[in-house]
Amino acid sequence: MSLSEEEYENAGRTPRLVNGWLVGTLVVLAAALMYETFRSREPVFVNHSPRVVTPRGELGADERSTIEVFEHASPSVVFIRTKGYQPSFPRGVIEQELSSGTGFVWDENGHIVTNLHVVRDVLERGKNASLEVQFSDGRVVDADVIGGVFEYDIAVLKVPGGVSELVPITIGSSQDLQVGQKVLAIGNPFGFDQTLSTGVIGGLNRIVATERQNEFLSGLIQTDAAINPGNSGGPLLDSAGRLIGVNTAIVSPTGAYSGLGFAVPVDAVLDSVPRVVEEASGKQRPELLGASVLNRESALQLGIPQEIIDRGLIVGRVLHNSAAFDAGLMPGDQITAVDGKVLSSGTELRQLVESHEPGDVIELTIIRREQSGRLLVPLRARKLFF
């Protein structure tokens, strides 16, 4: 059956009409949807009352005390940076920061106290390195290392005499410290200067291994106040704002704070700094062997039996290139006598050595690996460290 020409045109027109109707309907629906969408985005205003700011009121007594301690002590705390120099073509010399740490003003004569390991790079590089000190008010000055006591990891710096308005830190005592006592630390961890952390004394007479194998620092104060890289050499304060220690070491599996920080007691600093200043002024004295011994508490912490401790002083550290080092004394040796006189304490060892003059030879009776022996040690004056 075939369609006529008129029927064929009508058949084609019907789908086109239907399609046109559908398109029109869709357009209307889309327009309605867009209208509703934009209408829903019109701002809706809701009446409400503004929140009331509650007055802070007075700070707690403990907070006020902490703030006062920080404000009193922070002008005495300094930021220490060491810089190295190396030849470079074509620029001549490249300057780079080697290390940074913390220190504090000891007196109005420009003496600054920090850790020996903070300034180690300057000491090792000599003229290829320099040292600068930044005060709390932003002043930056050059400084020199005038000496130190490796036994306590203490270094003394000197800034130029023209530096004014030095604020010496308030000195306390470490003889009567108690576990649980509140402490505060100020330093420059990771370069963030004038950073305060707080905690308590967690232990006394602690012993911590140094970076050198078989060497230890002993008699340290343990604290949970946050101590991180950059805090080294900074002050540990009691709640009265007095210096009771110098932050020196941490024990951590990661190298950052893990709750165990350690400080050299201030009594050791009080013993060390005047000797360094005196020696720097030109007075010669024999070096103290260049060796340190463990006290009884530290030896017990290492698990050394009491009968071993009782037979002699245990060497904890030996300063490289010292008289003791050159004579062959080693960490772990026990010194039982000096010139035949039996020793009972590290203080007695020091007194016996100080009774001699540079150039004198002393005889140490030692025990090494259960074998007894003798070492002859020629004492000599040192102009930098002892």
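Whatever comes next refers back to the structure up there.
Here the structure is a predicted model, which is why all the values come from computation and not from measurement. (Residues numbered from 1 in each chain as written. Predicted model: local features only at pLDDT ≥ 70, side-chain atom pairs only at ≥ 80, totals over all residues. Heavy atoms only, no water.)

S.K.: Looking at this structure, I do not really get the side chain of Asn231. What am I missing?
M.R.: Assignment of secondary structure puts Asn231 in the loop between β10 (216-223) and β11 (235-238). Ignoring sequence-local partners within four residues, the contact set of Asn231 consists of Thr102, Ile186, Gly187, Asn188, Pro189, Ala226 and Asn247. (Helix = DSSP H or I, 4+ residues; strand = E, 2+ residues; numbered from the N terminus. Contact = heavy atoms within 4.5 Å.)

S.K.: How do you make sense of the environment of Glu215 when you look at a structure like this?
M.R.: Structurally, the position occupied by Glu215 is in the loop between β9 (195-209) and β10. With residues near it in sequence (within four places) discarded, Glu215 still touches Val208, Ala209, Thr210, Gly316, Arg317, Val318 and Pro331.

S.K.: How do you make sense of the packing of aromatic side chains when you look at a structure like this?
M.R.: Geometrically, a pair of aromatic rings is defined through the distance of the ring centres and the angle of the planes. All told, the structure shown has zero aromatic pairs when counted by the stated rule. Lying over the aromatic face of Phe79, Arg81 brings its terminal NZ or CZ to 4.1 Å of the ring centre. Here the basic side chain of Arg139 rests over the ring of Phe135, its NZ or CZ set 4.8 Å away from the ring centre. (Phe/Tyr/Trp six-rings, centres within 6.5 Å; stacked < 30°, edge-to-face > 60°. Lys NZ or Arg CZ within 6 Å of the ring centre and 35° of its normal.)

S.K.: Is there a simple way to explain unusual backbone geometry in this structure?
M.R.: Glycine aside, a negative phi is what most residues show, and trans is what most peptide bonds show. One non-glycine residue, Gln194, lies in positive phi territory at about 55°. Among the structural elements, Gln194 can be located in the loop between β8 (182-187) and β9. In this model, Asp339 sits at a positive phi of 50°, which is unusual for a non-glycine residue. Within the secondary structure layout, Asp339 lies in the loop between β16 (334-338) and β17 (341-342).

S.K.: Honestly, the sheet that holds β11 in this entry has me stumped. Any pointers?
M.R.: By definition, the strands of a sheet pair up through backbone hydrogen bonds, in either a parallel or an antiparallel sense. If you trace the six strands once around the closed barrel, you get β8-β9-β10-β13-β12-β11, paired in antiparallel fashion. Each strand of the sheet is rotated relative to its neighbour by a mean of 50°, with strand direction disregarded. One ladder, built from three bridges, connects β8 with β11; its direction is antiparallel. Across the sheet, Val183 pairs through a bridge with Asp238, a residue of β11. (Pairing = 2+ DSSP bridges. Axes fitted to C-alpha atoms, helices over the stretch in contact; angles between N-to-C directions.)

S.K.: Any chance you could explain the pairing of β8 here in plain terms?
M.R.: Regular strands place their side chains on alternate faces of the sheet. Most of β8 is tucked away: five of the six residues are buried. Relative to β9, β8 runs antiparallel, the two sharing six bridges. Within β9, the position partnered with Ile186 by the bridge is Leu196. (Buried < 20%, exposed > 50% of the residue type's maximum accessible area, 1.4 Å probe, protein only.)

S.K.: Would you mind showing me how to read the pattern of salt bridges here?
M.R.: Note on pairing: side chains with opposite charge can pair once their charged atoms come close. This structure, assessed with the given rule, holds 14 salt bridges. One salt bridge in this structure joins Glu132 and Lys83, with 3.5 Å as the shortest N-O distance. Note that Glu132 is positioned in strand β4 (residues 129-134) and Lys83 in strand β1 (residues 77-88), a separation of 49 residues in sequence. The salt bridge involving Glu348 is made with Lys341; its shortest N-O contact spans 3.8 Å. A relative accessible area of 16% means that Glu348 is categorised as buried. The partly exposed category is assigned to Lys341, whose relative accessible area is 43%. (Salt bridge = Lys/Arg side-chain N within 4 Å of Asp/Glu carboxyl O.)

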